[in-house]
Amino acid sequence: PDPSLPEQWTRIIDFLDGPLRGRQASPDERCIHYFVMGEEAWRTTATWPPRGVEPTTLYLTADRRLSPAPPGEVAAESMQLDPRATTGTRNRWHTQLAAPVKYGDRARPDERVATWAGTTLDAPLEIAGHPTLRMRVATDHDDLTLFAYLEAVDPRGRVRLLTEGMFRALHRGDGDIRPTFRRADARRLVPGEALDLTIRLLPTAVLLPAGWAIRLAIAGADADTFRTPTDPRALDISLAYHPDHPSSLALPAKQ
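Source: prediction; values computed, not measured. (Residues numbered from 1 in each chain as written. Predicted model: local features only at pLDDT ≥ 70, side-chain atom pairs only at ≥ 80, totals over all residues. Heavy atoms only, no water.)

Enquirer: Help me understand the environment of Trp42, please; the structure alone is not making it clear to me.
Expert: Its place among the elements puts Trp42 in strand β2 (residues 41–45). On the accessibility criterion, Trp42 (40% relative accessible area) is partly exposed. Excluding anything up to four places from it in sequence, Trp42 contacts Asp2, Pro3, His33, Tyr34 and Phe35. (Helix = DSSP H or I, 4+ residues; strand = E, 2+ residues; numbered from the N terminus. Buried < 20%, exposed > 50% of the residue type's maximum accessible area, 1.4 Å probe, protein only. Contact = heavy atoms within 4.5 Å.)

Enquirer: When you look at the pairing of strand β15 (residues 248–254) in this model, what are you seeing that I'm missing?
Expert: Strand residues, when the strand is regular, have side chains that alternate between the two faces of the sheet. With six of seven residues buried, β15 is to be regarded as a mostly interior element. Looking at chain direction, strand β3 (residues 53–60) and β15 are connected through seven bridges and run antiparallel. Each residue of the ladder has a partner; that of Glu54, found in β15, is Ala253. Inspection of the sheet shows strand β8 (residues 132–138) paired to β15 by three bridges, in the antiparallel sense. Note that in β15 the partner of Arg134 across the bridge is Ser248. (Pairing = 2+ DSSP bridges.)

Enquirer: Even after reading the chapter, I still don't get the packing of aromatic side chains, so can you show me in this structure?
Expert: Working definition: an aromatic ring pair is given by the centre-to-centre distance plus the angle between the planes. Under the defined criterion, the tally for this structure stands at four aromatic pairs. Look at Phe35 and Trp42: their rings are 5.4 Å apart centre to centre, the planes differ by 65°, and that puts the pair in the edge-to-face class. Of the residues examined, Phe35 reaches a relative accessible area of 28% and is grouped as partly exposed. Aromatic pair Trp93 and Phe226: ring centres 5.1 Å apart, planes at 80°, arrangement edge-to-face. With Trp93 in helix α2 (residues 92–95) and Phe226 in the loop between β13 (213–219) and β14 (236–241), this pair connects stretches of sequence that are 133 residues apart. Owing to a relative accessible area of 29%, Phe226 belongs among the partly exposed residues under this scheme. Ring pairs connect the aromatic residues Trp93, Phe147 and Phe226, which therefore count as one cluster. The ring of Trp116 has Arg64 sitting right over it, with the charged end atom 5.1 Å from the ring centre. The lysine or arginine in question, Arg106, covers the ring of Tyr149, its NZ or CZ lying 5.7 Å from the ring centre. (Phe/Tyr/Trp six-rings, centres within 6.5 Å; stacked < 30°, edge-to-face > 60°. Lys NZ or Arg CZ within 6 Å of the ring centre and 35° of its normal.)

Enquirer: Where do I start with the sheet that holds strand β9 (residues 145–153) in this structure?
Expert: Strands in a sheet are paired, the pairing made by backbone hydrogen bonds, and the direction either parallel or antiparallel. What the four strands build is an open sheet, ordered β6-β13-β9-β10; its pairing is antiparallel. Every interior strand has two partners, whereas the edge strands, β6 (114–120) and β10 (159–168), have only one. Put simply, the sheet's adjacent strands are angled 15° from each other on average, direction ignored. With nine bridges connecting them, β9 and β10 associate as antiparallel partners. Its bridge partner lying in β10, Val153 is registered against Val159. (Axes fitted to C-alpha atoms, helices over the stretch in contact; angles between N-to-C directions.)

Here it is as structure tokens:
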């Protein structure tokens, strides 16, 4: 690894040591070092997302595509999300900082999730920031958990996980208010009522070459990591494709 594992530990300890001891960071320390996958290079920025990054919006369509244009008519899709969906036992949750993270080819695991495919890239695409997913969904239950995965498909059909985001309706925020995750602030869903949700995926930086394609995957479970509902019907959702309230994926792309 670059830097080496001992050097990574040193940087992690230095990063935590100062604030925990009450030391204020000096101005030249207030920067972000990030690694661009695909380019295999480190970069430094004073802002996040980096300068030159603007959101590129792709819209979810009823034929399971990611389109640059919103849907032209109203449609709805009922989905039975598979409770056996998983990211395995070598994901970031299981390994933490003690072992290498390995997701591998996601082509087979993606057979148990809902996916939307983007077109093949004509030119390289650089993503740096927090991808954001917005969807209008409904469920017949009073709670809902969703996992969103941003993936890339190479010309041979191999699928690589780029980043992920999670959402539990019980802890959703209210308008511009961020979720607190406090028990007192938990809010149950009204069964059957449409919910406009936003999932802010974890930050990532990656350079995808021409010939690759973006893919979005949605799951209702990560069975090897989190407890799943005892009633599989709790994973059933209805997704709306609406011109006025389109489901969309915003990618922070370098212009």
